[in-house]
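# Descriptive structure summary
Letter by letter, the chains look like this.
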Amino acid sequence: MKNLMSGKNVVVMGVANDRSLAWGVARSLHAAGANLIFTYRKERSYRKISALLSQFDIPPLHVFSCDASDDDSIKNAFIEIKQKAGSIQGLVHSIAYAEKEDLKGEYIDTSREGYLLAQNISSYSLIAVAREAQKIMTDGGSIVTQTYIGAERFVENYHVMGAAKAALEANVKYLAENLGKYHIRVNAVSSGPIRTLSAKGTSGMNDLLRTIAEKAPLRRNVDQSEVGDATLFLLSPLSRGITGEVLHVDAGYHIR
Ligand code: NDP
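Residues numbered from 1 in each chain as written. Predicted model: local features only at pLDDT ≥ 70, side-chain atom pairs only at ≥ 80, totals over all residues. Heavy atoms only, no water.

## A look at the overall build of the chain
Secondary structure assignment for the chain yields seven helices and seven strands. Along the chain direction, N to C, the helices and strands of the chain fall in the order β-α-β-α-β-α-β-α-β-α-β-α-α-β. The C-alpha radius of gyration of the chain comes to 17 Å, within 12% of the 18 Å expected for a compact globule of 256 residues. By its C-alpha atoms, the chain is 50 × 40 × 40 Å across when sized along the principal axes. (Helix = DSSP H or I, 4+ residues; strand = E, 2+ residues; numbered from the N terminus. Rg over C-alpha atoms; globule rule 2.2 N^0.38 Å.)

## Structural notes on the site of the ligand
The local shell around the ligand holds 28 residues, among which Ser20, Arg41, Ser45, Thr196 and Ser198 are the closest. At 2.8 Å from an oxygen atom of the ligand is found a main-chain nitrogen or oxygen belonging to Lys42. One of the backbone nitrogen or oxygen atoms of Ile194 is found 2.7 Å away from an oxygen atom of the ligand. When the ligand is considered free in solution it has 890 Å² of accessible area, and contact with the protein chains removes 94% of it. Each residue belonging to the shell around the ligand can be placed in one class, and the counts come to 13 nonpolar, eleven polar and four charged. (Near = heavy atom within 4 Å. Polar contact = N/O pair within 3.5 Å; in protein donor to acceptor, adjacent residues only side chain to side chain. Areas by Shrake-Rupley, 256 points an atom, 1.4 Å probe, with all protein chains shown as cover. Nonpolar A, V, L, I, M, F, W, Y, C, P; charged D, E, K, R; others polar.)

## Structural notes on the environment of Leu4
Counting through the fold element by element, Leu4 comes out in the segment before β1 (9–13). Distance in space between the C-alpha atoms of Leu4 and Thr243 is 19 Å, their sequence separation being 239 residues. Apart from the residues within four sequence positions on either side, Leu4 is in contact with Ala32, Leu232, Ser236, Pro237 and Leu238. (Contact = heavy atoms within 4.5 Å.)

## Some details on the UniProt feature "binding site: substrate" (unreviewed entry) in the chain
UniProt's feature table lists "binding site: substrate" (unreviewed entry) at Ala98, given in the numbering used throughout. Here Ala98 falls in the buried class, since its relative accessible area comes to 13%. Sequence-distant contacts of Ala98, defined by excluding residues within four places in its chain, comprise Leu103, Ala118, Val160 and Met161. (UniProt positions renumbered as here; feature names shortened; annotations may be inferred. Buried < 20%, exposed > 50% of the residue type's maximum accessible area, 1.4 Å probe, protein only.)

## Description of the sheet that holds strand β3 (residues 62–65)
Ordered in space as β3-β2-β1-β4-β5-β6-β7, the seven strands form an open sheet in which the pairing is parallel. At either end of the open sheet lies a strand with only one pairing partner, and these are β3 and β7 (246–249). Neighbouring strand axes in the sheet, compared pairwise and without regard to direction, differ in orientation by 20 degrees on average. By the bridge criterion, seven bridges tie strand β5 (residues 141–147) to strand β6 (residues 184–191) in an arrangement that is parallel. Looking at β6, one finds that Gln146 is bridged to Val189. Helix-sheet contacts for helix α1 (residues 21–31) involve β1, β2 (35–40), β4 (90–93), β5 and β6, and the interaxial angle to β2 is about 165 degrees. Helix α2 (residues 43–55) contacts β2 and β3 of the sheet and is inclined by roughly 155 degrees relative to β2. (Pairing = 2+ DSSP bridges. Axes fitted to C-alpha atoms, helices over the stretch in contact; angles between N-to-C directions.)

## Overview of the UniProt feature "binding site: NAD(+)" (unreviewed entry) in the chain
Residues annotated in UniProt with the feature "binding site: NAD(+)" (unreviewed entry) correspond here to Gly14, Ile95, Lys165, Ile194, Arg195, Thr196, Leu197 and Ser198. Excluding residues within four positions of it along the chain, Arg195 makes contact with Arg19, Met205, Asn206, Leu209 and Gln224. A polar contact of 2.6 Å, which involves the side chain of Arg195, links it to the side chain of Asn206. Tracing the sequence through the fold places Thr196 in the loop between β6 and α6 (205–215). Given the relative accessible area of 15%, Thr196 is considered buried.

## Brief notes about the nonpolar core
Core analysis: the biggest nonpolar cluster contains 35 residues, and Val10, Val12, Leu29, Leu36 and Phe38 have the highest contact counts within it. Only β1, α1, β2, α2 and α7 (224–235) provide two or more residues apiece to this core. If you tally residues by element for this core, the top one is α1, at six residues. In contact with Val10, not counting residues within four places along its chain, are Met5, Leu29, Ala34, Asn35, Leu36, Ile37, Gly90, Leu91, Val92 and Leu235. Counting 32 residues, the second largest nonpolar core, distinct from the first, contains Ile74, Ile88, Ile95 and Leu126. (Core = buried A, V, L, I, M, F, W, Y, C linked by side-chain atoms within 4.5 Å.)

The following block contains the structure:
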């Protein structure tokens, strides 16, 4: 495992703090020898990332600002990444957003604005980011996004995020076909629920975690390190024959 990713430059988007799924991914990538480049949106995230990197003694290639809802911001970030790293071989898209009021109440009351916001940041951003990443994945590469079972079936209160994740998973397949000829693979990890900053917005989290601990084949929930290792697998040459896939890391709950 130690040298699995050595010499590979990987962009990690979506670390807000040490609970973020993307932080689990970053730790797995670091342990496998990857060179890490981070992007953040909020200044608060920048401060958290900087503190984590020094706490865990991880020297990043760089940390860049990037708002995934803004095409110019994405373009500028990848221009800077190219200047710093030359080419990249991996990209982790671990970004989602919906307004709190669109994650409760009656689904039929979803506003057009709230629906489109969730789609824009949580789904379309994968296309926008992949387009810029492709330009610097000159020798091929691997793109991995984070999805959730609410894309496949009803999950209480997941609402607009369910629709956004369904679109995200469709994007994974269409991008996988499109980018395969450039030797770029596109996959998703579908993690079980984990307490993070974003997950705070979904009500009923305690019930969900309890149900999974009772009903999942492994009779427990998953954590960031398991998402990190599975994402590492999809970024690494070990998964070189896999693209357009959604890999469930949910203690088997998806078969229930
Ligand atoms: P976090 O809150 O830790 O991470 C969400 C990240 O999204 C933050 O870093 C946030 O950055 C970033 N983000 C939001 N909007 C934008 C934007 N416009 N531009 C750039 N970045 C943005 O939560 P998670 O780690 O839980 O979420 C990561 C991914 O994992 C999401 O796609 C989520 O849906 C998915 N997931 C989470 C599960 C869970 O139970 N936690 C389960 C399955 C999937 P900032 O704070 O700087 O705005």
